[in-house]
Amino acid sequence: VRIPLDRDADLPLFHQVERWLRDSIAAGELPAGTRLPSTRALADDLGVSRITIANAYAELEADGLLLGRPGSGSYVAPASQVPISEVDRAQPWPLWQLDLGAPAAPPDEASEHPPARPDRISFTGVADPRHFPIKEFARTVADVLRSDGVEAVGYGTFDSGYPPLRSTVAQLLASQGIHTRPQQVVITSGSHQALAIACQVLLRPGNAVLVEQPTYDLALELFRELGLKVVGAPVDQDGLRVDLVEPLLQQHHPKLIYTIPNFQNPTGACLSGSRRRHLLELSDRYNVPILEDDFAGDLRYDGRAQPAIKALDRRGQVLYIGTFSKLLMPGLRVGYLVADGPVLARLVAHKRVHDLTTSPLLQRVLDRYVTVGRYQAHLRRTTRRCRSRRDAVIEAARARLPAIALSVPRGGLFAWLELPPGMIARELLTLAREEGVDFAPGSRFFVEPSDGDGFVRLNFATRTPEEIDLGIQRLATALERAPSRRGRARGTRTRT
Ligand SMILES: Cc1ncc(COP(=O)(O)O)c(C=O)c1O
């Protein structure tokens, strides 16, 4: 064993030996079961006293990293006995760590609430894992590995994505009325990455982004992390109040408008056709691109589909993003972005330098798995199932939560409830957890969290109608227990 020793260092020699062995064990260079040289042999090797080595071994034994076997020497202990963290927490963190400061993201409210009951009914999450097509997907993975071999697990090309999948996405979009060419499609690691790279290409820290208020919570976290100024415009039952957007454009000069026009997260509202045209017209007039996030647009239960804003775009004003997370499985981390013009090459270059490529294996598997016919059949089944869940949540809420205002979402995953005046969703969540039901408090979705205190978002798509009914019963009990402080001051409320 060649252990580099610095005889002039302040750190005693036995400590240097101990550190080196400790690091080598942690890095797996000395695997469990490795027999270390005897103290005499190692001392001779390193030109140090035997006591130096004995002290180093004793320290490692005391920490469970070495096992001393009388008469047969010292062995590296099995992994389970190796402490995971090598950091000595008694030491202060290095200055560069302290200089980083806390993350911009708000703390998770969940940590402030009682632990979840095992029989909890959670109205959070995005899709129902009980319906993930695991078996078919496993078969497709095996098929792809068999037929494409090492091609499937190489890097592929560091560009817009696997060409056949880009064509499949273009066909899927065409089946939903969005005509695009495969050359305009960039495959991304989830639509969240598409959102991130679009922001990183189009905005600089300090720039403003105009968003619906409330909006997708993780987009808000992303904007904060990027140092953007977030300007919120209210939402009603017809989506973003586009009539209020123009003064905000004049006042804040945003560099991007981020909108979720279909079954918005969190309100479930759908942007009307005339507002889509008006927003596009404003984006054109004020030279501000639109990022259209269509995360669940094809999950429609009733009403007529409105054209995507991208479908109305004749000049390349709109970047459109979509995902396979909601209809298939979020853990695939495959989404896509559609754009026209010079911005496309910038987005592709930006993605390449940040993550090289989205998993080439999963792109191939997804392309094999998602034929237009299969996707449409899956969409029909999912729509049927989620429509009955939407109906169940509305029926249960109307019957059991008379004091709550809610509007009927015509698609998507979410019901947005307005609490009685003065009731605070973050406080209600504590009681709800005790009753065995979970939801996302409205505060997560607002630029100023307290503005969302009067609202609750329920994801009904993850629960069966029976679970929904029980969950709403529990929520009703929590509401009965909640102190309703009439007249308590609260920020502006947006009726949906
Ligand atoms: C509105 C919206 N956009 C984007 C995403 C990101 O989805 P993914 O990155 O899984 O495609 C989500 C996830 O919940 C979402 O709700």
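Before any of the text, the structure's been laid out above.
Definitions and cut-offs
Residues numbered from 1 in each chain as written. Predicted model: local features only at pLDDT ≥ 70, side-chain atom pairs only at ≥ 80, totals over all residues. Heavy atoms only, no water. Pairing = 2+ DSSP bridges. Helix = DSSP H or I, 4+ residues; strand = E, 2+ residues; numbered from the N terminus. Expected span 1.5 Å × (residues − 1). Buried < 20%, exposed > 50% of the residue type's maximum accessible area, 1.4 Å probe, protein only. Contact = heavy atoms within 4.5 Å. Core = buried A, V, L, I, M, F, W, Y, C linked by side-chain atoms within 4.5 Å. Near = heavy atom within 4 Å. Polar contact = N/O pair within 3.5 Å; in protein donor to acceptor, adjacent residues only side chain to side chain. Areas by Shrake-Rupley, 256 points an atom, 1.4 Å probe, with all protein chains shown as cover. Axes fitted to C-alpha atoms, helices over the stretch in contact; angles between N-to-C directions. Parallel < 35°, antiparallel > 145°, perpendicular 65-115°, else oblique. Left-handed = near helix turned anticlockwise from the far one by under 90°. Nonpolar A, V, L, I, M, F, W, Y, C, P; charged D, E, K, R; others polar.

A. View of the sheet that holds strand β12 (residues 405-406). A sheet is described by the order of its strands in space; here 4 strands give the open sequence β12-β13-β16-β15, paired in antiparallel fashion. A strand with exactly one partner marks an edge of an open sheet, and here the two such strands are β12 and β15 (440-441). Direction of pairing for β15 relative to strand β16 (residues 455-459): antiparallel, over a ladder of 2 bridges. When the bridges of β16 are listed, P441 appears paired with V456.

B. Structural context of helix α16 (residues 465-481). The terminal C-alpha atoms of α16 lie 24 Å apart, and with 17 residues this matches the ideal 24 Å at 1.5 Å per residue to within 8%. Turning to α16, its buried residues number three or more, namely I468, G471, I472, R474, L475, A476, A478 and L479.

C. Structural detail: the side chain of E435. In this fold, E435 is placed in helix α15 (residues 425-435). Residue classification places E435 among the buried residues on the basis of a relative accessible area of 18%. When neighbours within four sequence positions are excluded, E435 is seen to be in contact with R117, R474, T477, A478 and R481.

D. Expanded view of the environment of A308. One can find A308 in the loop between β9 (290-293) and α11 (309-312). Placed 12 residues apart in sequence, A308 and Y320 show a C-alpha to C-alpha distance of 8.7 Å. Other than its neighbours up to four places away in sequence, A308 contacts I178, R276, E292 and Y320.

E. Broad picture of the pairing of β9. Residues I290 and E292 point to one face of β9 and L291 and D293 to the other, with burial holding for every one of them. The pairing of strand β8 (residues 256-259) with β9 spans 3 bridges and is parallel. Paired with Y258 across the two strands is L291, which belongs to β9. Sheet analysis places β9 next to strand β10 (residues 318-323), joined by 4 bridges and oriented parallel. Counted as the bridge partner of L291 is L319 from β10.

F. Structural detail: the nonpolar core. Core analysis: the biggest nonpolar cluster contains 94 residues, and F223, Y258, F324, L458 and L475 have the highest contact counts within it. Broken down by element, the residue count for this core peaks at 8 residues, all from helix α14 (residues 372-400). Apart from the residues lying within four places of it in its own chain, the contact partners of Y258 are L195, V209, L210, V211, E212, T215, Y216, A219, F223, L291 and D293. Counting 19 residues, the second largest nonpolar core, distinct from the first, contains A233, I257, L282 and V288.

G. Structural view of the site of the ligand. In the vicinity of the ligand there are 13 residues, among which S191, D293, T323, S325 and R333 approach most closely. S191 has a polar backbone atom sitting 2.7 Å from an oxygen atom of the ligand. Within the backbone of H192, a nitrogen or oxygen atom sits 2.9 Å from an oxygen atom of the ligand. Relative to its unbound accessible area of 390 Å², the ligand is 93% covered by the protein chains. When residues in the shell around the ligand are grouped by element, the largest group, 3 residues, is from helix α7 (residues 190-202).

H. A look at the packing of helix α5 (residues 134-148) against helix α13 (residues 360-369). Two elements in contact, α5 and α13, have axes separated by 9 Å at closest approach and are oriented at 115°. Considering the angle they form, α5 stands roughly perpendicular to α13. Once α5 is placed against α13, the crossing between them reads as right-handed. The segment α5 lies against α13, with E136, F137, T140, V141, D143, V144, L145, S147 and D148 engaging L361, L362, R364, V365, L366, R368 and Y369. Grouping the amino acids of the contact of α5 with α13 by side-chain chemistry returns 9 nonpolar, 2 polar and 5 charged.

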